[in-house]
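Each chain, letter by letter, is given below.
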Amino acid sequence: MSRVLAPHDVDRDLPELLQEVRVAQTGGQLFFAFLFSVAFAPGFEQLTDTQRGLYGWDLFIVATAITVLVAPVATHRWLFGYRLRAQLLLVTHVLSVLGLALLALGLILGLALIGSIVFPGGPPWLAASSALAVIIFWIALPWWTRRTAHGWRIREEPPPHR
C-alpha cells in the first residue's frame, strides 16, 4: 500500500520522524559507550572465546546501528536547499527502520552476552525475553495498530482559539 504525501504531510512528518530518530540515536549512543568501556574493564580478559566473539559482533552491530541512525542528518545536510523534502522523508524512514532493527539486534546480543556471564551455562532467557519484548512492542504493536486503527473511534479536540 503506497501513500502519496501532500506537501503539508511532508512538512509535518519529517520533523516528527527526525525527533524519533534523535531518541533512538541517544539510546544507541549510550549503549555503545557502555559496550565500548567493557573492553577496558577488569575481568574482560576472563571472557571465553565465544563471549569475546559475541562482544565483537555486538559492538559492530551497535556501531552500525548508530551510523545508520545518524545517516539522516548527513543526508539532510547534503540535500539541503535542493527541495527534496519528500525524498528525504522516505530515505529517513528507511534508515530509521533499519537502524532500529540493528539496535534491537544489538540489545538482544548484549543481553545474551550479559546472560552468558551472569548465568554461565544457563538458559538464554534474558536474551529470549528481550527478543520477545522487541517483537511485541516494536513490531506486533505497530502492525496491530495499523490493521485495526480504521475502526477506532477517537474524538479529536479542535485546537484552542487564541
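Before any of the text, the structure's been laid out above.
For clarity, every value in this text was computed on a predicted model and none was experimentally measured.

Parameters and conventions
Residues numbered from 1 in each chain as written. Predicted model: local features only at pLDDT ≥ 70, side-chain atom pairs only at ≥ 80, totals over all residues. Heavy atoms only, no water. Axes fitted to C-alpha atoms, helices over the stretch in contact; angles between N-to-C directions. Helix = DSSP H or I, 4+ residues; strand = E, 2+ residues; numbered from the N terminus. Parallel < 35°, antiparallel > 145°, perpendicular 65-115°, else oblique. Left-handed = near helix turned anticlockwise from the far one by under 90°. Contact = heavy atoms within 4.5 Å. Nonpolar A, V, L, I, M, F, W, Y, C, P; charged D, E, K, R; others polar. Patch = residues over 30% accessible without salt bridge, like charges linked within 9 Å, V, L, I, M, F, W, Y side chains within 5 Å. Areas by Shrake-Rupley, 256 points an atom, 1.4 Å probe, with all protein chains shown as cover. Salt bridge = Lys/Arg side-chain N within 4 Å of Asp/Glu carboxyl O.

Student: I'd like a description of the packing of helix 3 (residues 85–118) against helix 4 (residues 125–148), backed by residues and values.
Tutor: It is the contact of helix 3 with helix 4, at a shortest axis distance of 7 Å, that shows an interaxial angle of 160°. If you check the angle between helix 3 and helix 4, you find them roughly antiparallel. You can see that helix 3 and helix 4 cross each other, and the crossing is right-handed. Only Leu-126, Ala-127, Ser-130, Ala-131, Val-134 and Trp-138 of helix 4 make contact with helix 3, whose side of the interface consists of Leu-100, Ala-104, Leu-107, Ile-108, Leu-111, Ala-112, Ile-114 and Gly-115. Partitioned by chemical class, the residues of the contact of helix 3 with helix 4 number 12 nonpolar, 2 polar and no charged.

Student: Summarise a nonpolar patch on the surface; cite the residues concerned and give the values.
Tutor: On the surface, a nonpolar cluster with roughly 1100 Å² of combined accessible area is contributed by Leu-100, Leu-132, Ile-135, Ile-136, Phe-137, Trp-138, Ile-139, Leu-141, Trp-143, Trp-144 and Trp-152. Here the element with the most residues in the nonpolar patch is helix 4; it accounts for 9 residues. Checked against the element boundaries, Ile-135 lands in helix 4.

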